[in-house]
Amino acid sequence: MESSGGRAEGSARGPRVLVVGSGIAGLGAAQRLCRHPAFRQLRVLEATARAGGRIRSERGFGGVVELGAHWIHGPSQGNPVFQLAAKYQLLREKDLSEENQLIETGGHVGLPSVSYASSGVSVSRELVVEMASLFYGLIDQTREFLHTADAPVPSVGEYLKKEIRQRAAGWTEDEESRKLKLAVLNSFFNVECCVSGTHSMDLVALVPFGEYTVLPGLDCTFPGGYQGLTNHIMASLPEDVIVFNKPVKTIHWNGSFQEALSLGETFPVLVECEDGACFPAHHVIVTVPLGFLKEHLDTFFEPPLPTEKAEAIRKMGFGTNNKIFLEFEEPFWEPDCQYIQVVWEDTSPLEDVASELRHVWFKKLIGFLVLPSFESVHVLCGFIAGLESEFMETLSDEDVLLSLTQVLRRVTGNAQLPAPRSVLRSRWHSAPYTRGSYSYVAVGSTGDDIDQLAQPLPTDGAEAQLQILFAGEATHRTFYSTTHGALLSGWREADRLIALRDPQAQLLGPWL
């Protein structure tokens, strides 16, 4: 087996640690370990040519666009991503304000500035506000089931539909108005699919839904790109710690592996890469996305994972949410417009219409966020989740641009609306080392499955402790799907190793 190279070896140099994946969880773990004198032999293996994982900022349209993480959710003192971003001076003055940190959004997306219906008319603000308060009132009510043994239905979707059916029975307007109300509600269901990273709210478990914790603060963005954050963390690591374009094939554990240069020293873990390179280690922190784990469960660990952990991985939810950026010569929207909602008048959350994806995929689009305009460049960002989003990834840029131009002409009632100049989009489901966007608690699973995934191996009192540790957004019980959940999980696993190797260590305060 190929050796991992020419460093002076020997346990005198402390434990050898490998981190698999250089997203914010892997980078956070590496940064924490590098600050401790016991961890001198650390490598981060990254499958792709860049660090940051699902934080991905690209230059585009004369500015920066976020293909991955978009906001800091709950930018306040309890959020380590906010703390670091503030420390690295990556945020605007107003986003740092005490006032902003105190705002309680309840985790709900802001109301649309304008709502266009598919017949080319706009929906009255009053009706949208009424439906938003009904929908988000019900979302808030789902928390009541958190500690109940007897949920009325298995999923958030079924609960919402049951309640909406009851309310709708009491609506007194004409048929047209009732249909429009349901169509507006359907748009909010699609928004919630984007938030949860799922194809349908029927897949999201009702009882554990309230465990997800919303931090205070008005969600904010990074003016220079979210990747500024991961770049800063990366810059604090010793040179050459990260090895790029090094996809891992199999993690062999519970073994006794030798290395040619290590004079008889044995290691419990051996990480085998796709290119044949092998890295022996005492500890490996696995931070790969849940979507990747699901796809490679049968080959990624040797011996295979314990049944309970494999079962948890299979049961947990992991879906797709993508963005489609459209650049326009001139804005067709009002100067103060921030979010354009699109409402399909023939849709209702209470009815499932079976149609071919290629004809209807764009109806899952929630509408468009207006990006702050850089240098007279005008960009809309559409969000779309689920199977429709995965289908969109298979289309060409031309197809997407054409479909969305038709949608915009239809909903604005302006058949002459100029087509966008260009399109840029994310394709998270197609990304081989990601296979989707983020996790949710699926019907049939609970928060216990998240904790099960986070448990290190081996689980018994084997001689070699903490051979494989697990981090990443999907391993955080209350902050899954977020960058702060990912970062905290990386710190958690680094601290677990520090506590093992240095039981006297005063672990750093949570945000240092």
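Residues numbered from 1 in each chain as written. Predicted model: local features only at pLDDT ≥ 70, side-chain atom pairs only at ≥ 80, totals over all residues. Heavy atoms only, no water.

Remarks on the nonpolar core
Note the cut-off: Working definition of a nonpolar core: buried Ala, Val, Leu, Ile, Met, Phe, Trp, Tyr and Cys residues. They are joined through side-chain atoms within 4.5 Å. Partly exposed residues are those whose accessible area sits between 20% and 50% of the maximum for their type, while under 20% is buried and over 50% is exposed, using a 1.4 Å probe and protein chains only. Comment: elements are numbered from the N terminus, with helices defined as DSSP H or I runs of at least four residues and strands as E runs of at least two.
Formed by 49 residues in total, the largest nonpolar core has its most connected members in M131, F135, L160, L185, F188 and F325. Elements supplying a minimum of two residues to this core: α5 (125–141), α6 (156–169), α7 (175–196), β16 (339–343) and β18 (378–385). Membership of the second largest hydrophobic core comes to 44 residues, among which are I24, Y88, L215 and L497.

Examining the sheet that holds strand β13 (residues 301–302)
For the record, the criterion: A pair of strands is treated as paired once DSSP finds two or more bridges between them. Two residues form a contact once any of their heavy atoms are found within 4.5 Å. The convention used is that axes are lines fitted to C-alpha atoms, helices contributing only their stretch in contact, and that angles between N-to-C directions extend from 0 to 180 degrees.
Read from one edge to the other, the open sheet built from four strands follows the order β11-β10-β7-β13, with strand pairing classed as mixed. Pairing within the sheet leaves two strands with one partner each, and these edge strands are β11 (278–281) and β13. Bridge count between strand β7 (residues 248–252) and β13: two bridges; the pairing is parallel. Across the sheet, residue I251 finds its bridge partner in β13, namely F301. Against the sheet, helix α9 (residues 290–300) contacts β7 and β13, and its axis sits at roughly 55° relative to β7.

Examining the domain arrangement of the chain
Which entries qualify depends on this criterion: For every domain, the bounds stem from an assignment made automatically or drawn from a database. Here the quantity called buried area is the accessible surface, traced with a 1.4 Å probe, that two parts lose on coming together, added over both. Whenever a nitrogen or oxygen atom comes within 3.5 Å of another N or O atom, the pair is scored as a polar contact, on the condition that within protein one atom can donate a hydrogen and the other can accept it, and that pairs from neighbouring residues in sequence are kept only if both atoms are in side chains. Residues are grouped as follows: Ala, Val, Leu, Ile, Met, Phe, Trp, Tyr, Cys and Pro are nonpolar; Asp, Glu, Lys and Arg are charged; every other residue, Gly included, is polar.
By domain assignment, the chain separates into domain 1 (16–57 + 223–316 + 435–507) and domain 2 (108–210 + 321–425). Look at where the C-alpha atoms of domain 1 and domain 2 centre, and you get two points 35 Å apart. Contacts between domain 1 and domain 2 engage 11 residues on the former and 14 residues on the latter. In terms of surface lost to domain 2, no three residues of domain 1 exceed Y438, Y440 and V443, which account for 63% of the buried area on that side. At the boundary of domain 1 with domain 2, the tally comes to six residue pairs in polar contact (both at pLDDT 80 or more). Take the side of domain 1 that touches domain 2: its biggest share by element is three residues, from strand β20 (residues 438–440). Across the side of domain 1 that touches domain 2, the residue classes break down as six nonpolar, five polar and no charged.

Regarding the sheet that holds strand β15 (residues 321–328)
If you walk across this open sheet you meet the six strands as β5-β16-β17-β18-β15-β19, and the pairing is mixed. On the outer flanks of this sheet lie β5 (114–117) and β19 (422–425), each paired with one strand and no other. Within the sheet, the average angular offset between the axes of one strand and its neighbour, ignoring direction, is 25°. Judged from the three bridges that link them, strand β17 (residues 367–370) and β18 form a sheet pairing that is antiparallel. Paired with F368 across the bridge in β18 is G382.

Considerations on the confidence of the model for the chain
Spelled out, the test is: pLDDT measures how confident the predictor is about each residue, on a scale from 0 to 100.
Across the chain, the average pLDDT comes to 94, with 96% of residues at or above 70. In the model, residues 1–10 has pLDDT below 50 throughout and makes 30 contacts with residues more than four positions away in sequence or in other chains.

With respect to the packing of aromatic side chains
Defined as follows: We call Phe, Tyr and Trp rings a pair once their centres come within 6.5 Å, taking the six-membered ring for Trp, and we label the pair stacked below 30 degrees between planes, edge-to-face above 60, and tilted otherwise.
Inspection of every chain in the model, using the stated rule, returns 17 aromatic pairs. Seen from their ring centres, Y136 and F188 are 5.6 Å apart, and the 70° between their planes marks the pair as edge-to-face. Taken together, the positions of Y136 in helix α5 and F188 in helix α7 put the pair 52 residues apart, joining distant regions of the chain. The same class applies to Y136 and to F188, which are both buried. One aromatic cluster in this structure is built from F292, F300, F301, Y433 and F470.

Structural notes on the side chain of S187
Assignment of secondary structure puts S187 in helix α7. Among all residues touching S187, those that are not within four sequence positions of it are Q341, V342, V343 and I366.

Overview of helix α14 (residues 447–454)
For the α-helix, the turn length of 3.6 residues means that residues three or four positions removed from each other point alike. Test applied: Here, the arc refers to the directions that run from the helix axis to the C-beta atoms.
Listed in full, the buried residues belonging to α14 are G447, D449, I450, L453 and A454. Taken end-on, α14 shows its buried residues confined to a sector of 155°, consistent with a single buried face. Where the residues of α14 are buried, they touch α9, α10 (307–315), β21 (468–470) and α15 (483–501). Sitting at the head of α14, T446 places a side-chain oxygen 3.0 Å from the backbone nitrogen of D448.

What to know about the pattern of salt bridges
Selection rule: Any carboxyl oxygen of Asp or Glu that lies within 4 Å of a side-chain nitrogen of Lys or Arg is treated as forming a salt bridge with it.
Counted by the stated rule, this structure contains 27 salt bridges. Measuring nitrogen to oxygen at the nearest pair gives 3.3 Å for the salt bridge that ties R92 to D95. Looking at R92, the relative accessible area reads 30%, which means it is partly exposed. Take D95: its relative accessible area is 3%, and that puts it in the buried class. Note that E130 is salt-bridged to K181, the shortest N-O span being 3.1 Å. Here E130 is found in helix α5, whereas its partner K181 is found in helix α7, with 51 residues between them in sequence. For E130, a relative accessible area of 39% corresponds to the partly exposed category. Through salt bridges with shared partners, a single network forms among E211, D448, D451 and R477.

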